[in-house]
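Summary of the model geometry
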Amino acid sequence: MNLPVGKLKHDFLKELLPTHDRNTSVVVGPQLGEDAAVVELGDNYLVATSDPITFATEDIGWYVVCVNSNDIAAMGAVPKWLLVTLLLPEAATTPAMVRDIMAQITQACAAFDIALCGGHTEVTPAVTQPVVIGQMMGITHKDALFTSADASVGDVLILTKGLGIEATAIIAREREEQLREKCDVQFLEQAKNYLIDPGISVLKDAQIATATGGVHAMHDVTEGGVTTAAYELATAAELGVTVYLDKLLGNPPVLYGNITRTLCDMFRLNPLGIISSGALLIASEPEKGKTICQALGTAGINADIIGKFLPPEHGLWLEDAIGVQQPLPVFETDEIAKLFSSSPH
């Protein structure tokens, strides 16, 4: 049986990961729900991650810097160094394309004060569109590290920015010709610009939240969307969680913009399970939740409390406005994969 498009299923991934590491310098190894590895480095921790860009093709260099730096930021570290592997299709690669991708990478690195320090480039028949794989490293003091396992019973769950930010930009860019027949120019350009505004970086979100205080854990929302990320965070901490559906899809749509709503409806995509880089989940002390949201709001970043962590026997639930619960949906294949299932990509 062939595996579906997207990340490996959680149960299968657990089978593959080692149960322990004899190298005592590895503080956080490969675990479901953790955004990056952590290695002891003197008085500090080295935080390292690796992420590919496989759905987007336009501005792929900007994507790779942002999504990798997000993993570092979610651990409370400062992203410092990037290596990139660039795999290019044999029959469709021009010097102009390569220059454009590299310019995107260097510009994004400059914007976030990250050093591009190595990598590999190759034209290969193994891919049919550009694939960019980033490996990023950052550093943090030992007392400033956050792991997903550090969420606690009673913590509130905060979401920044909202659902489908990255998906909005991908849909608008990858289906631009189709959308021009149905949407006005202003709508389409605004959707494409979601890459920058509100943006797919969570560096600022993480820095503001940690500076405000009360943060126990953070988790970057990527493939599988917000509810899958909430599942991963709760699983890493061995906790139960209730996520409030009305805070995600209610009116007014504070965490679900009208542009994203329109595109999800148009392509019949479930917004709860759509790739959402740019959104950050934060587990915080309950008395600090509103303060963190206010601090983020002052900086122009929408945020709201969307759930609460509970003892593990409570389970994982999605709750509507009148208190009716259903099992928390986990999307092991991202909804946006539906756009590419019949595509030549």
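Right above here is the structure, for reference.
What comes next is a walk through the structure.

Conventions and cut-offs
- Residue numbers here run from 1 along each chain, matching the order of that chain's written sequence.
- In keeping with the predicted nature of the model, local features appear solely for residues at pLDDT of at least 70, side-chain atom pairs appear and are counted solely at 80 or more, and the whole-chain, interface and lining totals rest on all residues.
- The basis for every side-chain value is the complete set of heavy atoms in the structure, and neither hydrogens nor water enter the calculation.
- Runs of E in the DSSP output that reach at least two residues are strands. Runs of H or I that reach at least four are helices, and both are numbered from the N terminus.
- Atoms counted for the radius of gyration: C-alpha only. Globule rule: 2.2 Å times the number of residues to the power 0.38.
- Here's how the labels work: a residue is buried when its accessible area is under 20% of the maximum for its type, exposed when over 50%, partly exposed in between, all with a 1.4 Å probe on protein chains only.
- Contacts were defined at the residue level, with two residues in contact if any of their heavy atoms lie within 4.5 Å.
- Under the convention used here, a 1.4 Å probe and the Shrake-Rupley method define accessible areas, while residue burial counts only the protein chains that appear.
- Neither His nor the chain termini are counted; the positive set is Lys and Arg, and the negative set is Asp and Glu.
- To locate a charge, take NZ of a lysine, CZ of an arginine, CG of an aspartate or CD of a glutamate.
- When DSSP finds two or more bridges between a pair of strands, those strands are recorded as paired.
- The angle between two axes is taken between their N-to-C directions and runs from 0 to 180 degrees, where each axis is a line fitted to C-alpha atoms and a helix contributes only its stretch in contact.
- Nonpolar core, defined: a set of buried Ala, Val, Leu, Ile, Met, Phe, Trp, Tyr and Cys residues in which side-chain atoms within 4.5 Å join the residues together.

So, the overall build of the protein chain
Each helix and strand in the protein chain was counted, giving twelve helices and 13 strands. Taken over C-alpha atoms, the radius of gyration comes to 19 Å for the protein chain, in line with the 20 Å a tight globule of 345 residues would show. Taking the principal axes of its C-alpha atoms as reference, the protein chain extends roughly 55 × 50 × 45 Å. Taking all 345 residues of the protein chain together, the buried fraction comes to 50%. Of the contacts formed within the protein chain by residues at least 6 apart in sequence, a portion of 82% connects residues at least 24 apart. Only carbon and sulfur atoms are counted for the fraction: they give 53% of the accessible area of the protein chain, which is about 15,500 Å². Taking the average place of the 21 positive charges on the side chains of the protein chain and the average place of its 42 negative ones, the gap between the two points comes to 4 Å.

Brief notes about the sheet that holds strand 4 (residues 78-89)
Across the sheet, six strands lie side by side as 1-2-3-6-4-5; this open sheet has mixed pairing. The open sheet has two free edges, formed respectively by strand 1 (26-28) and strand 5 (115-124), since each of these has just one partner strand. In this sheet, neighbouring strand axes are inclined to one another by 20 degrees on average, regardless of whether the strands run parallel or antiparallel.

Here we look at the nonpolar core
Leu159 and Ile336 are the most contacted members of the largest nonpolar core, which has 85 residues in total. A total of eight residues in this core trace back to one element, the largest contributor, which is helix 2 (residues 60-74). In contact with leucine 159, not counting residues within four places along its chain, are Val221, Val226, Leu248, Leu255, Ala279, Leu280, Leu281, Asn302, Ala303, Asp304 and Ile306. In terms of nonpolar packing, the next biggest core, distinct from the first, is built from 20 residues, Ile208, Val215, Leu296 and Ala303 among them.

Re the sheet that holds strand 8 (residues 215-220)
Taken together, the seven strands give an open sheet; going across it, the order is 8-10-7-11-9-12-13, and neighbouring strands pair in mixed fashion. Looking at strand neighbours, the two that pair on one side only are strand 8 and strand 13 (325-327), the edges of this open sheet. When the angles between neighbouring strand axes are averaged without regard to direction, this sheet yields 25 degrees. Pairing geometry for strand 7 (residues 156-160) and strand 10 (residues 280-284), over four bridges, is antiparallel. What sits directly across from leucine 157, in strand 10, is alanine 283. Along the sheet face, helix 7 (residues 203-212) touches strand 7, strand 8 and strand 10 and points at about 170 degrees away from the line of strand 8. Set on the sheet, helix 11 (residues 289-298) makes contact with strand 7, strand 8, strand 10 and strand 11 (303-310); between it and strand 11 the angle comes to about 155 degrees.

A few points about the environment of threonine 333
Mapped onto the elements of the fold, threonine 333 is located in the loop between strand 13 and helix 12 (337-340). The class of threonine 333 is partly exposed, set by a relative accessible area of 29%. Sequence separation of threonine 333 and lysine 14 is 319 residues, and the distance between their C-alpha atoms is 16 Å. Those residues in contact with threonine 333, other than ones at most four positions away along the chain, are Pro4 and Val5.

A look at the environment of valine 153
Along the chain, valine 153 turns up in the loop between strand 6 (131-141) and strand 7. Considering only alpha carbons, one finds valine 153 and threonine 93, 60 residues apart in sequence, at a separation of 52 Å. Apart from residues lying up to four places away in sequence, valine 153 is in contact with Leu239, Phe309, Leu310 and Pro311.

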